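One-letter residues, chain by chain:
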Amino acid sequence: LASKGISVRNIITNTTEGFFDNILHCFVGIAAMQIGLVDILFNMGIKPDGIVGHSVGELGCGYADGCLTAEEMILSAYARGQASIETKLIKGMMAAVGKSYNEIKKDLPDSIEVACHNSSESCTLSGPADDMEKYIEQLKKSGVFAKLVNVSNIAYHSRYIAPVGSKLLSYLQKVIPVPKTRSKRWVSSSVPESLCHTPLAAYSSPEYYTNNLLSSVLFEEACQKIPDEAVLIEIAPHGLLQAILKRSKKSCIHIPLTMRGNTDGVRFLLTAIGKMYLAGLQPDVAKIYPPVEFPVSCGTPSLETFVSWDHSEKWKSITRSGFKQNTAGKFIAIDLSDPRYAFLKENKINGRIILPASMYLFLAWETLLATKVEKVSIRTVCFKDVRIFQTVELAANGITELYILRQTGSGCFEICSKNTLIVSGKIQFVRKWFTAPPTSGKLCKEVDYSLNEIYTLLESFDYEHSNDLKVIDQIQTSKKGLVGKVQWNGNWVVFIDALLKIILFEETCSRKTLLLPNYIQSFYIRPIKSDEAYKSRSVHLVYNKITKVMSSNDIQIELVGVQHDYFNISPLHKTGLMMDELWFIPYCNPGIMDLNYLGNICFQ
C-alpha cells in the first residue's frame, strides 16, 4: 500500500477525529487487524473448524481459509474502499434495529431495504439518508430500538450500491488473478444456501467479493450452522458482534480478541488466549514470544532474585487438627464386603460384576460435595459431556481401586483405574428452572411392559439383577417416546442406573444385544431434602425420543442426549451351548381321539 500513499501503521494507530469518516481507512484498517489476529492464532496452533464473516469480514474468511494471501486481502480491502469513493452515489444511511428481518420486512417503506440479517432479534437497514432518518424516528416513537449509523453516507448492501459493482469487479480481477476454491468450513453469508452449488459460491473470486458488497448480509442464516457449545472467536478491531452472538448462540463460549475502549489491548488479547485455554483449546503461547536459544549466555540474569517471600502481611498459624483438607482428587477403594458397596455384587453382566455407569456419576457427585462447605442442598447439580470409555469389573473377593480428580475451577473430572482413563466429564452446581414434562396421557401407548417382563427381557441379553436392583416397575412405549415408573429406594446409584436402562430399553430389545451408555450430554438433578419423602413410592418419568430428554415431576431431574454402544464383555463361564430364543409351538392332530391312542403312537 506504500505506493498508493497508504500507511497501515498510521491507520490502526490514528486517533484524529473524523479520520475514519473516510471509508477506505475503515476497510484497510479492518483488514490489517484481521490479518494480524489470524496470524497470531495460526502461529499458536489455533485453527478453525468453521468460519463465518459479516459484510467485509468475508475478506477475513478468505484469508483464514487460505484462499487469499495477506497482500491480496489488504489490496482487496483497498479496492473496496477506492471503488466506493470514486463512484457517485446518493447520500445514504444505515441503521441498527431491534427487529429481525422477518419481523420488519413487511413494514418497510419502498425506499429502504434490510441490508443485514443479524439475528432473530436484530437487523441493519439501508437506504436514502432522509428516508432513513424519518423511518428511524418512527421506530423510536413506537418503542423499537433503532440507531442510525453513518457509513460515509453510503447505503451498503442495498440497490443503491449497485453502481460500485462494475468498478470493484475490475479492481479485484487485477488483485485476484487466480481464484481458489472455498473450503467446506467457510459458511457463506452472502450467497443463499439455495445457490451454494453454483460457481459463484464455489470460489473465493472477484465475483464472490463483489456479490458480497451488493447483496444482503445473511449472517443470521449462516449462524444457524454453528453447533451448540462451540467456541466462537470474534476476529475484528472491536467485538461489535458480541451482543448479537451472545443472545442468538447462548450455549456457545464467546471470546472477542479486541474491545474498543479497553486501555490495554495487549493484555485484553492475552486474556482472550487464556479464555481459549479454559474452554479446552491448546494455544501454544510460546510462539508469540521470541524464541530462546540454548545454551543461554553467562550474562543472562537469573529469575531467582525476582521470587521472594512477602512478609508484609501476618497470617495466623493453624494447628494440624484444625486443618480441613479440601482436595479435589482422591483414591476410592471399592470393597464388596463393605455394606456401602455390597449391593453392587448383584449387578452382573455375563456373570461378571460390572460397575454401573451411575456409580461414576455418584462418585463425581460425592467429590463435588467434598470440596464445598455446604453438604447436600437444594442447589441443582449438573453433569455435562460425560464420556464413558470402558467398563470396570469389580473383584468379588478383593478391592478395586479408582482415582477421581476434579478441577475446582472448570468442574471437569476424570476417573481412572490402573492409570487407564475410564470416565471424563464436567460437574458443577448450577441454578436451573425445571420445566414440567409432558403428561403421559399425550403419548399414545403401544406396548406396556411390567416389572417381570422388563427384567426377563434384560436378563435374556446377559444382564443380571437381584430383587434389590429391580426398581423399574413399568415401561410404556410409543413412537414419540416412553413413560416409565421407577421405585425410589433412597439409593441414587440404583435410581440413576434405572433411568439409563429405561432410555436404552427399547433399542436393546430391538437390536437384541447388550448396550451400555457411553455418552451423556447433560444431566440435571435437584436433590430432595428427605429421602424418606419418596421412599416406597414410584417416580413417574417421561422420555421424548425426538428431543432425547427424560424428565420427571416427582423428583426434579432432566437427562439429555444419552448415547450408547456395544461393550464386549466376555462371559465369565464359557459354555458350548447358548439359548438364544425359546418358542412354544403347539401341535394339534385331530386324528388323535383319546390319551390311550396318543400313548400308543408315542411308544411306537
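The rules behind the values
- Throughout, residues of each chain are indexed from 1 in the direction in which the sequence is written.
- For this predicted model, a pLDDT threshold of at least 70 governs which residues receive local features, and a threshold of 80 or more governs which side-chain atom pairs are given and counted, while totals over whole chains, interfaces and linings are taken from all residues.
- Note: side-chain values were computed over all heavy atoms of the structure, leaving out hydrogens and water.
- In the cavity and pocket records, a cavity denotes points on a 1 Å grid over the protein atoms alone where a 1.4 Å probe fits but cannot get out, a pocket denotes an open set with protein on both sides within 12 Å along at least 5 of 7 lines, and lining residues are residues with an atom within 4 Å of a point.
- Grid points are joined across faces, edges and corners, and a volume is the space filled by probe spheres set on the points.
- Strands here mean DSSP runs of E at least two residues long; helices mean DSSP runs of H or I at least four residues long; both are numbered from the N terminus.
- Each residue receives one of three labels: charged for Asp, Glu, Lys and Arg, nonpolar for Ala, Val, Leu, Ile, Met, Phe, Trp, Tyr, Cys and Pro, and polar for the others, Gly being one of them.
- These domain boundaries are the output of an automatic or database domain assignment.
- By definition, residues are in contact when any of their heavy atoms lie within 4.5 Å.
- A patch is a set of surface residues, each over 30% in relative accessible area and not in a salt bridge, joined within 9 Å for like charges and within 5 Å for the nonpolar side chains Val, Leu, Ile, Met, Phe, Trp and Tyr.
- For the accessible areas, the method is Shrake-Rupley and the probe is 1.4 Å, while residue cover comes only from the protein chains on display.
- The working definition used for a salt bridge is a side-chain nitrogen of Lys or Arg within 4 Å of a carboxyl oxygen of Asp or Glu.
- Residues enter a nonpolar core if they are buried and are Ala, Val, Leu, Ile, Met, Phe, Trp, Tyr or Cys, with the set joined through side-chain atoms within 4.5 Å.
- Residue exposure (1.4 Å probe, protein chains only): buried if accessible area is under 20% of the type maximum, exposed if over 50%, otherwise partly exposed.
- Directions from the helix axis toward the C-beta atoms define the arc.
- Pairs of strands are assigned from DSSP output, requiring at least two bridges between the strands.

The name recorded for the protein in an unreviewed UniProt entry is Malonyl-CoA:ACP transacylase (MAT) domain-containing protein, from Clastoptera arizonana.

Caption draft 1: Fine view of the layout of surface pockets. Of the pockets and cavities examined, the second largest pocket occupies roughly 1200 Å³. Of all elements in the fold, only β10 (253-256), α12 (265-278), β14 (380-388), β16 (412-417), β17 (420-430) and β22 (516-525) reach the threshold of two or more residues within the lining of the second largest pocket. Partitioned by chemical class, the residues of the lining of the second largest pocket number 14 nonpolar, ten polar and eight charged. Here the lining of the second largest pocket gathers at least three residues from each of two domains, domain 1 (2-89 + 161-288) and domain 3 (329-565).

Caption draft 2: Here's a closer look at the side chain of Ser 417. Positionally, Ser 417 belongs in strand β16. Apart from residues no more than four positions distant in its own chain, Ser 417 is found in contact with Val 392, Glu 401, Leu 402 and Ile 422.

Caption draft 3: Spotlight on a nonpolar patch on the surface. Together, Val 266, Leu 270, Val 285, Ile 288 and Tyr 289 give the surface a local cluster of nonpolar side chains, amounting to about 440 Å² of exposed area. Structurally, Val 285 can be placed in the loop between α12 and β11 (329-335).

Caption draft 4: Molecular detail of the nonpolar core. In terms of nonpolar packing, the biggest core is built from 72 residues, with Leu 355, Tyr 360, Phe 383, Phe 495, Phe 523, Ile 525 and Leu 559 touching the most fellow members. With 13 residues, the top contributor of residues to this core is helix α15 (residues 492-511). Not counting the four nearest positions on each side in its chain, Tyr 360 is found in contact with Leu 355, Ile 388, Gln 390, Thr 391, Val 392, Ile 415, Ile 422 and Val 423. Formed by 53 residues, the second largest nonpolar core is a distinct cluster that contains Phe 27, Val 28, Ile 154 and Leu 172.

Caption draft 5: Focus on helix α14 (residues 451-460). Along α14, the residues that are buried comprise Ile 454, Tyr 455 and Leu 458. Viewed end-on, α14 has its buried residues packed into an arc of 85°, placing them on one side of the element. Along α14, the residues that are exposed and aim more than 90 degrees away from the buried face are Asn 452 and Thr 456. On its buried side, α14 packs onto β18 (447-450), β19 (463-464), β20 (472-477) and α15.

Caption draft 6: Main features of the pairing of strand β21 (residues 481-488). Of all eight residues in β21, six are buried, a share of seventy percent or more. Bridging between β20 and β21 involves five bridges; their strand directions are antiparallel. Paired with Ile 475 across the strands is Gly 484, a residue of β21. Linking two consecutive strands that pair antiparallel, namely β20 and β21, is a turn of three residues. As judged from the eight bridges shared by β21 and strand β23 (residues 537-544), these two strands associate in the antiparallel manner. Residue pairing across strands places Lys 485 opposite His 540, the latter belonging to β23.

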